[in-house]
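Structural characterization, general
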Amino acid sequence: MSKESSIEWTESTWNPVTGCTKISDGCKNCYAERMAKRLKAMGHPNYINEFEVTCHKHVLDLPLSWRKPKMVFTNSMSDLFHQDVASSFIKKVFITMNKARWHCFQVLTKRSGRMLKISNALNWTSNIWMGVTVENGRFKSRILELLDTPASVKFLSLEPLLGPMPNIPLNGIDWVIVGGESGPGAREMKKHWVADVRDQCLAANVPFFFKQWGGVNKKKTGRLLDDQLWNQMPVINLKAAEQWN
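All values reported here derive from a predicted model rather than from experimental measurement. Numbering of residues starts from 1 in each chain and follows the order in which that chain's sequence is written. Where local features are concerned, this predicted model is filtered to residues with pLDDT of at least 70; where side-chain atom pairs are given and counted, the filter is 80 or more; whole-chain, interface and lining totals use all residues. Hydrogens and waters are ignored; side-chain quantities use all the structure's heavy atoms.

**Regarding the pairing of strand β6 (residues 104-109)**
So the rule is basically this: Relative accessibility thresholds used throughout: buried, under 20% of the residue-type maximum; exposed, over 50%; partly exposed, between the two (1.4 Å probe, protein chains only). Helix and strand definitions here come from DSSP, where helices need a minimum of 4 consecutive H or I residues and strands a minimum of 2 consecutive E residues; each element is numbered from the N-terminal end. Paired strands, in this sense, are two strands between which DSSP finds at least two bridges.
In terms of burial, β6 is a largely internal element, 6 of the 6 residues being buried. Burial of the side chains of β6 extends over both faces: C104, Q106 and L108 are buried on one face and F105, V107 and T109 on the other. In this sheet, β6 lies alongside strand β5 (residues 71-74) in parallel orientation, the contact comprising 4 bridges. Within the sheet, the bridge partner assigned to M71 lies in β6 and is C104.

**Focus: the packing of aromatic side chains**
So the rule is basically this: Within 6.5 Å between ring centres, the rings of Phe, Tyr and Trp (the latter by its six-membered ring) count as paired, and their orientation is classed by plane angle as stacked under 30 degrees, edge-to-face over 60, tilted in between. Whether a charge sits over a ring depends on NZ of Lys or CZ of Arg being within 6 Å of the ring centre and within 35 degrees of the ring normal.
The full count for this structure, using the stated rule, is 10 aromatic pairs. Here the aromatic rings of F155 and W175 are separated by 5.4 Å at their centres, their planes lie at 40°, and the arrangement is tilted. Of the two residues, F155 sits in strand β8 (residues 153-158) while W175 sits in strand β9 (residues 175-179), which places them 20 residues apart along the sequence. Side by side, F155 and W175 carry an identical accessibility label, which is buried. Aromatic ring contacts, followed pair by pair, group W9, F73, W129, F155, W175 and F209 into a single cluster. Over the aromatic face of W66 sits the side chain of K70, whose NZ or CZ is 4.7 Å from the ring centroid. Lying over the aromatic face of F139, R142 brings its terminal NZ or CZ to 4.3 Å of the ring centre.

**Things to note about helix α5 (residues 191-204)**
For the record, the criterion: Expected helix span is computed as 1.5 Å times (number of residues minus one). Contacts are assigned to residue pairs with any non-hydrogen atoms lying within 4.5 Å of each other.
Taking 1.5 Å per residue as the helical rise, α5 with its 14 residues ought to reach 20 Å, and the 20 Å between its terminal C-alpha atoms agrees with that figure. Burial in α5 covers these residues: W193, V194, A195, V197, R198, Q200 and C201. Along its buried surface, α5 packs onto β8, β9 and β10 (208-212). Looking one or two residues beyond α5, the residue adopting positive phi is N205, at roughly 60°.

**As for unusual backbone geometry**
If a residue is not glycine, its phi is most likely negative; likewise, a peptide bond is most likely trans. Here the amide bond leading from E159 into P160 is cis, since omega sits at -5°, within 30 degrees of zero. Tracing the backbone through its elements, the reader meets P160 in the loop between β8 and β9. Unusually for a residue other than glycine, N75 sits at a positive phi of about 65°. Even without being a glycine, N167 presents a positive backbone phi close to 55°. Mapped onto the elements of the fold, N167 is located in the loop between β8 and β9. For N167, a relative accessible area of 68% translates into the label exposed.

**Overview of the side chain of K154**
Put simply, the rule is: We score Asp and Glu as negative and Lys and Arg as positive, and we do not count His or the chain ends. Salt bridges are defined by distance alone: a side-chain nitrogen of Lys or Arg within 4 Å of a carboxyl oxygen of Asp or Glu. Each polar contact in these results corresponds to two N or O atoms within 3.5 Å; when the atoms are within protein, one needs to be able to donate a hydrogen and the other to accept it, and residues that are neighboring in sequence are counted only if both atoms are side-chain atoms.
Here K154 is to be found in strand β8. For the buried K154, which has no salt bridge, the nearest side chain bearing the opposite charge is D174, at an N-O separation of 5.8 Å. A polar side-chain atom of K154 sits 2.7 Å from the main-chain carbonyl oxygen of A151. Beyond its immediate sequence surroundings of up to four residues, K154 is in contact with M130, L146, L147, T149, G172, I173, D174 and W175.

**Some thoughts on the nonpolar core**
To keep things clear, this is the line we draw: To qualify as a nonpolar core, a set must consist of buried Ala, Val, Leu, Ile, Met, Phe, Trp, Tyr and Cys residues joined through side-chain atoms within 4.5 Å.
F81, L156, L158, V176 and V178 are the most contacted members of the largest nonpolar core, which has 50 residues in total. Here this core takes 5 residues from helix α2 (residues 87-99), the largest share from any one element. If we ignore the near neighbours within four places in the chain, the residues touching F81 are I90, F94, V107, T109, R111, R114, M115, I118, L122 and M130. The next biggest cluster of nonpolar side chains, apart from the first, holds 12 residues, and it includes W9, W129, V153 and I177.

**Some details on the side chain of N75**
Looking at the secondary structure, you find N75 in the loop between β5 and α2. Within the local environment of N75, its side chain forms a polar contact with the backbone nitrogen of V17, the two atoms lying 3.1 Å apart. Excluding residues that lie within four positions of it along the chain, N75 makes contacts with W14, N15, P16, V17 and L80.

This is the structure we're talking about:
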């Protein structure tokens, strides 16, 4: 239920919840759904329900056993704020993140309404980064709901970026990730969409991270934007967090 990650902007994944349901445009070619089907076929016990929403109590304390500080993408195979995840279980996930202060936990959701609704019942320690996925301009409301939460670090994942994103409300946003869709049926991402987001971030002094162009062969299309790698991230010092270890 955890592993070292090949995702460029994190180091490890932790999945106390697996499974999800499609909610908006970006979900059409969900990589996690494809992966869950593969893991079930391989006999992985945590994917016996394939991509049905399933909570795994037995991995709740797992990050507490990782002594070296790391960046942890929480629920890479689900959405923590899915309606089928009980609020009591979400609180337990947060308690683990609160205890494991030497790690930095990166949480992403498309269900920003529920996130905001229960946000005041959660303990937002500074090691919890909260982000929303926004695939095009139709879903900018997710950004506004994120901004209303008490999270110390707020970030945006514009992946897969499926349309232009003018006038992003960046005041209060600490980081922006952009990426194209990859794998079977991948939809095209236009360069001017990406460049415009980058330019907005530069103007607002918000760190910008370009993950990939995507496509059927993402290794071939690569990660360069205007002949440059964009790996900017919020400034943190995980080693300083070792005092909590």
